[in-house]
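Structure assessment
One-letter residues, chain by chain:
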Amino acid sequence: MRTTPKVLLALALVVGGLSPWLFSPFLHGKASGSQHPRVGRTDSDTRNEADARLGVARVTRKRWVQLDSTSEERGDEPTASSVWIPVRVNELKKDMMVGIRSYDGRWVARAVDTASSVASEPEKTWQVRFGKKGGVIFKSWAGTHLGLNREPKLNAQSRTVSDDEKFDVADASSVPSTPIGNPTIAARHASLPKTHAVFLTPRGRDGGKYAGVTQLPTDDAVDHPFESDQPTRHSISCKYTDDAAPHIRFYLYRRADCADADTCWRPLSAARKAARASAHPQEILGPVVPLAGSPKPLNTSSDSFGASELSFRRVLHAWGVLGPPVTPVMFLEPSDTVGQQLTREHSDFSVFTSFEHHKEFQTQPTYRGLFKDAFKKARTSESPAMAVYSNSDILFTSSLAESLAASFAFAAKWQAGGKVKLLVVGMRINTDMPAGVDLGRGEEDLDRVLTRLAATGKRYQSNAEDYFAVSRGLCDWGAMPDFIVGGVAFDNWLVGKYNRDAGAVVVDASDTILAVHQNHGAGRKDSHLQPKSRYNRELAAKHGSWSKGRVLDARFATLSTPWGEIIVVERRKLLFD
């Protein structure tokens, strides 16, 4: 039979009319008979090629309700704004510049000023990438990625990409949601393009659970769906399994006024460069910031885990070439004649052999005593704004002073002119130090050599804090418990104490303070077994424990921006108007 053009046209119209019914179950991840309670978690799930590339998750329900386009729940087809155009999951492309809005109409953003409630267009903009094995990656202007932390909450701190920074993005437009009780949020939600709603599901440690907006109560004990008109305390948590909850819906938009990362983010870079303060750290911190250490006596050969002479010489050189306001201080036992002789060869150091020792462990100094003396005996007419205590096998670069200045300025602004209560900590980088390494003559040489060596090392765990930078107003050190230097638990106790203190600012400076730890072989944890460590653990338990005592528990963190500025952000604050 001969097929006429009219017959072909009729067939095309029939197939075209049926295609949404034939293929939409596969486009929207609802293949007939599929009953997967988890979203996009296993590689064995059957996906078409586009789904695998985009990380599109299959969302299924035992009772699926098909809504037509006129449904109030579904909403009207969105209209484009001058900047943002709604996009569907299957429209995402590599390097597309997108925005993400939450169910209450706010934007997910990595803002420079997290004390503000408003973010600029560049701060709201994320660059889309795809994982080799699926998953969508959202990269910010800062070079960091939207991802999951251990709480589990979303942040935008990591510069590397793991499964915690990859998301399955699923079409949620046809999934009914429960009503929103708060009328203000319900009104904002009604303006969003319901036909473009998506679920975000991290692939990492809590994969299979939806990300959703939450409100934090005062005690931080539990999270609740975000139903408050006061958006000062909020986060995006990842622990929800009910796909009917409205607060787990997000909306994707494409930037219409710029085509790539350079043009989308350049205005932010230009504005920050123009506004960047040229103040030297001394103008913020004052003339002196003591950097104090108290090494094990070098002439005690039985101390297998103590500082070797070679390691100590490197510390003396590295600390000594750091520019102002950093001023190195060494607390040395009167019996440590070797350490005293080596230290006095460096005129930049202050050496103290008289300081508080523990009443029971009479040969052991206390942390409170060292901090008191670091503030009291500094080479300045007035007490320093900050002091740093560090283990005596850590090497720093010039970023130490810059990070402390940025943190102090942030804390002073955050605490609105009151007493600055600031604690800065960070994770070290374990590095095998070549025996003959040359650290150079000055600060620039030191920065270059340590940066190169750190690239060969590995960042250590977040519950081992090797340095503490504290403000003068953080606490009364004389009233502190008498923790013993060199014993465990003090670091986690101190960090936990101020992480739980709503009036204090605790900053994780791991991203900007390069703290290079010189590996010293076997026996590095022998001190954990000593009586002073048992004493410290008991003291910590008696005085509030070490809950929230990890570096990653800090509410705030430093970031190094692409234009060379160090800023401090509230780590988990991602929602802005």
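Residues numbered from 1 in each chain as written. Predicted model: local features only at pLDDT ≥ 70, side-chain atom pairs only at ≥ 80, totals over all residues. Heavy atoms only, no water.

**Some details on the state of the cysteines**
Note the following rule: Here, the term disulfide refers to a pair of cysteine sulfur atoms separated by no more than 2.5 Å. The buried label applies to any residue whose accessible area, calculated with a 1.4 Å probe on protein chains only, is under 20% of its type's maximum; exposed applies above 50%, and partly exposed to all values in between.
In this structure the tally under the stated criterion is one disulfide. The residue that forms a disulfide with Cys-258 is Cys-264, at a sulfur-sulfur distance of 1.8 Å. In this structure the cystine formed by Cys-258 and Cys-264 twists about its S-S bond by roughly 95°; its chirality is therefore right-handed. Note on accessibility: Cys-258 and Cys-264 belong to one class, buried.

**Here we look at the nonpolar core**
We apply this condition: Here, nonpolar core means buried Ala, Val, Leu, Ile, Met, Phe, Trp, Tyr and Cys residues that are tied together by side-chain atoms lying within 4.5 Å of each other. To qualify as a helix, a DSSP run of H or I must reach at least 4 residues; to qualify as a strand, a run of E must reach at least 2; elements of each kind are numbered from the N terminus. Residue contacts are defined here by distance: any two heavy atoms, one from each residue, within 4.5 Å place the two residues in contact.
Residues Met-386, Phe-396, Leu-404, Leu-422 and Val-424 are the most contacted members of the largest nonpolar core, which totals 54 residues. Ranked by residue count, the leading element in this core is helix α10 (residues 399-414), at eight residues. Apart from the residues lying within four places of it in its own chain, the contact partners of Leu-404 are Leu-285, Val-289, Met-386, Val-388, Val-424, Ala-469 and Ile-513. Phe-331, Val-470, Tyr-498 and Tyr-535 belong to the second-largest nonpolar core, a separate cluster that totals 39 residues.

**As for the environment of Phe-361**
Residue placement: Phe-361 occurs in the loop between β16 (350-352) and α9 (367-376). In this structure Phe-361 comes out as buried when scored by relative accessible area, which is 18%. Taking the C-alpha atoms as reference points, Phe-361 and Lys-532, 171 residues apart in sequence, are found 7.6 Å from one another. Apart from residues no more than four positions distant in its own chain, Phe-361 is found in contact with Ile-484, Pro-531, Lys-532 and Tyr-535.

**What about the confidence of the model for the protein chain?**
Our working rule: By definition, pLDDT measures how confident the predictor is in each residue, and it falls between 0 and 100.
Averaged over every residue, the pLDDT of the protein chain is 81; residues scoring 70 or more account for 78%. Between residues 216-232, whose pLDDT stays under 50, and residues either more than four places distant or in other chains, the model counts 48 contacts. Low pLDDT, under 50, characterises residues 301-307; the stretch is placed with 11 contacts to residues that sit more than four places away or in other chains.

**Things to note about the pairing of strand β26 (residues 566-570)**
Spelled out, the test is: Pairing between strands is defined by DSSP: at least two bridges between them are needed.
Within β26, five of the five residues are buried, which leaves it mostly tucked inside the rest of the structure. Of the two faces of β26, the one carrying Ile-566, Val-568 and Glu-570 and the one carrying Ile-567 and Val-569 are both buried. Looking at chain direction, strand β25 (residues 556-560) and β26 are connected through five bridges and run antiparallel. If you follow Ser-560 over to β26, its bridge partner there is Ile-566. Counting the residues in the hairpin turn of β25 and β26 gives five residues, including Gly-564, whose phi is positive at 85°.

**Quick notes on the sheet that holds strand β19 (residues 422-425)**
Either a parallel or an antiparallel arrangement is found when strands of a sheet pair, and the pairing is made through backbone hydrogen bonds. Applied cut-off: Geometry is summarised by axes, namely lines fitted to C-alpha atoms with helices restricted to the contacting stretch, and by angles between N-to-C directions that run from 0 to 180 degrees.
Pairing in this open sheet of nine strands is mixed, and the strands run β16-β15-β14-β17-β22-β19-β23-β25-β26 from one edge to the other. Edge positions in the sheet fall to β16 and β26, since each has one partner strand and no second. This sheet shows a mean twist of 25° between the axes of neighbouring strands, independent of strand direction. On top of the sheet, helix α7 (residues 309-321) reaches β14 (289-293), β15 (326-331) and β17 (386-390); it is set at about 150° to β15, its chief contact. In the packing of α9 onto the sheet, the strands contacted are β14, β15, β17 and β22 (467-471), and the crossing angle to β17 comes to about 140°.

**As for the pattern of salt bridges**
Cut-off, in case you're wondering: Any carboxyl oxygen of Asp or Glu that lies within 4 Å of a side-chain nitrogen of Lys or Arg is treated as forming a salt bridge with it.
If you walk through the whole model with that rule in mind, you get 21 salt bridges. Lys-421 is paired through a salt bridge with Asp-501; the nearest N and O atoms lie 2.8 Å apart. Placement of the pair is Lys-421 in the loop between α10 and β19 and Asp-501 in the loop between α12 (490-499) and β23 (505-508), with a sequence separation of 80 residues. Asp-501 sits in the partly exposed class, given a relative accessible area of 23%.

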